[in-house]
Amino acid sequence: MSAFRPILFIIGIFVVTMGLAMIVPAITDAIAGHRDWITFAISAGCAAFVGGLMVTGSMGSPITLTLRQGFALTTLSWIVFSAVGALPLAFSGLGLSYADAFFEAVSGLTTTGSTVLVGLDTLPPGILLWRAMLQWVGGIGIIVMAIAMLPYLRIGGMQLFRMESSDKSEKVLPRIAQMATATSVAYALLTLGCAAAYAFAGMTGFEAVTHAMSTVSTGGYSTYDASLGHFANPAIEWVAMVFMLLGALPFVIYIQIAHGRGAAVWNNSEVRAFLGIVVAVSLTVTVWLWLVRDERLVDAFRLVTFNVVSVVTTTGFATTDYGQWGGLAVVVFFILTFIGGCTGSTAGGIKMLRLELAALMVRNQFQRLYQPHGILIIRYRGQAVADDVVKSAMNFIFIFILSFAVLSICLSAVGLDFITAVSGAATALANVGPGLGPVIGPAGNFSTLPDAAKWLLSAGMLLGRLEFLTLLVMLSPRFWRDW
């Protein structure tokens, strides 16, 4: 058990911190005169007590982590955080089962944005704020995990991200701790800027803060059932588009910009590819919507661009039900669900880094057809890519597709129809939010799904957010041998 002591110590500190964070929505409800402040106070006490026991019971061990302990810490942290974050939702007067509460908490922390709550317009402010806080905390946790943990765990080609972040020629900051701190500062500044822009565009202070947390984290939780469509305000939609895109870009580039290297944005091929896909898809669907549905070109461009950005950044905000636009739109948005944003961002999905590596590998294989004896080296941004990096990325994509197939079958087995099962599996694994169809589409909700489906989708959201291998490796008996 000595190997678990540093893991329990760190998780205990995080649980205590989460308990302290519950005081904020408790105060919010108390000011609003809602009795749910008691719920948050009790939940905060439970979290602080349990976290305190974990800390005191594991004190005295050196805080040094092996690779195996790193896997365990990463996975267990997200599971424990979800369980603790669900407490206020389960204890509240919303009448949620623990399956519902856990689903909502997992969806928040993984910045997926799927919800089982209805009547958001009339919910107490503490609950709405807590949902936004879960997404905001989950967003920064995802970035730190991508920068500080996954490259060293050799997950899905993330070794390449470590090379770009810390190589002498591309050095951003000398220490991981400094990088995590600088990234957190950039994350906070983006959130403040987004809140100010929302307020200027017409939101109230509370609406601006909660939506800014959900936007920069690319989470998508709103304080209204109609999401951002509630405001019917083009200015708010443009603000959301800008900050959703900023949240889906590598946060390392913001550190580079702060150090006077603004050209790093356009020099980053991943950023160029990501923005190129957004522009190309937006223009294509805009023209199609304009020709087929006779929409005004300006309105069609705004509607399409907003929803394209929302889906490809895996945010999940909605202003309209794009499922009603016809077959082309449904297919395009389903494909965008898998793509995701850039590496080292808050977005989910496969991510552009891995798609770039896959494209380079395919090109390399074509070259081998007419140069069978040539020495062909895969280069990424001018540097040779090791074979294990490419294999790692290909393994990730294969596991993503396999997990999608398995989860779709499991969801069908518990009674979901084809569209709901397939799009639900995709949106959970890619951490997008809304699926397709009348049940869980942009105009739907996950509340009507059976508890078995909610547990499966919760597992899918965690699996996708933890980059698959981080969680799956713990299911191997060899992982637990000789602990």
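The structure contained in this document is the topic of the report that follows. These numbers come from a predicted model, not from an experiment.

The rules behind these values
Residues numbered from 1 in each chain as written. Predicted model: local features only at pLDDT ≥ 70, side-chain atom pairs only at ≥ 80, totals over all residues. Heavy atoms only, no water. Axes fitted to C-alpha atoms, helices over the stretch in contact; angles between N-to-C directions. Helix = DSSP H or I, 4+ residues; strand = E, 2+ residues; numbered from the N terminus. Parallel < 35°, antiparallel > 145°, perpendicular 65-115°, else oblique. Left-handed = near helix turned anticlockwise from the far one by under 90°. Contact = heavy atoms within 4.5 Å. Nonpolar A, V, L, I, M, F, W, Y, C, P; charged D, E, K, R; others polar. Salt bridge = Lys/Arg side-chain N within 4 Å of Asp/Glu carboxyl O. Buried < 20%, exposed > 50% of the residue type's maximum accessible area, 1.4 Å probe, protein only. Phe/Tyr/Trp six-rings, centres within 6.5 Å; stacked < 30°, edge-to-face > 60°. Polar contact = N/O pair within 3.5 Å; in protein donor to acceptor, adjacent residues only side chain to side chain. Expected span 1.5 Å × (residues − 1). Patch = residues over 30% accessible without salt bridge, like charges linked within 9 Å, V, L, I, M, F, W, Y side chains within 5 Å. Areas by Shrake-Rupley, 256 points an atom, 1.4 Å probe, with all protein chains shown as cover.

1. With respect to the packing of helix H14 (residues 269-293) against helix H15 (residues 297-312)
Then, number 1: As a packed pair, H14 and H15 sit with axes 8 Å apart at the nearest point and diverge in direction by 140 degrees. Classed by the angle they form, the pair H14 and H15 counts as oblique. Crossing hand, H14 versus H15: right-handed. Contacts from Phe274, Val278, Val281, Ser282, Leu283, Val285, Thr286, Leu289 and Trp290 in H14 reach Leu297, Ala300, Phe301, Val304, Thr305, Val308, Val309 and Val312 in H15.
Then, number 2: For the contact of H14 with H15, the per-class residue count stands at 14 nonpolar, 3 polar and no charged.

2. Regarding the pattern of salt bridges
Then, number 1: Evaluation of the coordinates by the stated rule reveals 8 salt bridges.
Then, number 2: A salt bridge links Arg131 to Glu104; the shortest N-O distance between them is 2.9 Å. One end of the pair, Arg131, is in helix H7 (residues 125-153); the other, Glu104, is in helix H6 (residues 98-109), with 27 residues separating them in the sequence.
Then, number 3: Relative accessible area serves as the criterion here: at 2%, Arg131 is assigned to the buried category.
Then, number 4: As a salt-bridge pair, Arg296 and Asp299 come within 2.8 Å of each other at their nearest N and O atoms.

3. Structural notes on unusual backbone geometry
Then, number 1: A positive phi angle is found at Thr314, which is not glycine, with a value near 60 degrees.
Then, number 2: Tracing the chain through its elements places Thr314 in the loop between H15 and helix H16 (327-339).
Then, number 3: Unusually for a residue other than glycine, Phe468 sits at a positive phi of about 65 degrees.
Then, number 4: Note that Phe468 resides in the loop between helix H21 (451-465) and helix H22 (469-472).

4. Focus: the packing of aromatic side chains
Then, number 1: As enumerated under the stated definition, the model contains 19 aromatic pairs in all.
Then, number 2: Between Phe338 and Phe400, the aromatic rings sit 5.9 Å apart at their centres with planes inclined by 65 degrees, giving edge-to-face as the arrangement. With Phe338 in helix H16 and Phe400 in helix H18 (residues 387-413), the pair connects residues that are 62 residues apart, well separated along the chain. The burial state of Phe338 is the same as that of Phe400; both residues are buried.

5. Regarding the packing of helix H1 (residues 5-21) against helix H4 (residues 67-85)
Then, number 1: For the pair H1 and H4, the least separation of the axes is 10 Å and the interaxial angle reads 30 degrees. Classed by the angle they form, the pair H1 and H4 counts as roughly parallel. As H1 packs across H4, the resulting crossing turns out to be right-handed. Every residue of H4 that contacts H1 at Pro6, Ile7, Ile10, Ile11, Phe14, Val15 and Met18 is listed here: Gln69, Ala72, Leu73, Leu76, Ser77, Val80, Phe81, Val84 and Gly85.
Then, number 2: When its residues are assigned to classes, the contact of H1 with H4 shows 13 nonpolar, 3 polar and no charged.

6. Points about the side chain of Ser222
Then, number 1: Positionally, Ser222 belongs in the loop between helix H10 (205-216) and helix H11 (234-247).
Then, number 2: Look at Ser222 and you get buried, because its relative accessible area is 5%.
Then, number 3: In this structure the side chain of Ser222 is engaged in a polar contact, spanning 3.2 Å, whose partner is the backbone nitrogen of Tyr224.
Then, number 4: Beyond its immediate sequence surroundings of up to four residues, Ser222 is in contact with Leu120, Arg131, His211, Ser227, Leu228 and Phe317.

7. A word on H10
Counting along an α-helix, one turn takes 3.6 residues, and residues three or four places apart therefore face a common direction.
Then, number 1: Counted at 1.5 Å a residue, the expected span for H10 with its 12 residues is 16 Å, and the 16 Å between its end C-alpha atoms agrees.
Then, number 2: Burial analysis of H10 places 9 of its 12 residues in the buried class, the great majority of the element.
Then, number 3: Among the residues of H10, those classed as buried are Glu207, Ala208, Thr210, His211, Ala212, Met213, Ser214, Thr215 and Val216.
Then, number 4: Two residues or fewer after H10 comes Thr218, characterised by a positive phi angle close to 50 degrees.

8. A word on a nonpolar patch on the surface
Then, number 1: A cluster of nonpolar residues, Val287, Trp290, Leu291, Val292 and Leu297, forms a patch on the protein surface that exposes about 470 Å² of accessible area.
Then, number 2: Of all the elements, H14 adds the most residues to the nonpolar patch, at 4 residues.
Then, number 3: The residue Val292 is located in helix H14 in this model.
Then, number 4: Exposure remark for Val292: the relative accessible area of 53% places this residue in the exposed category.

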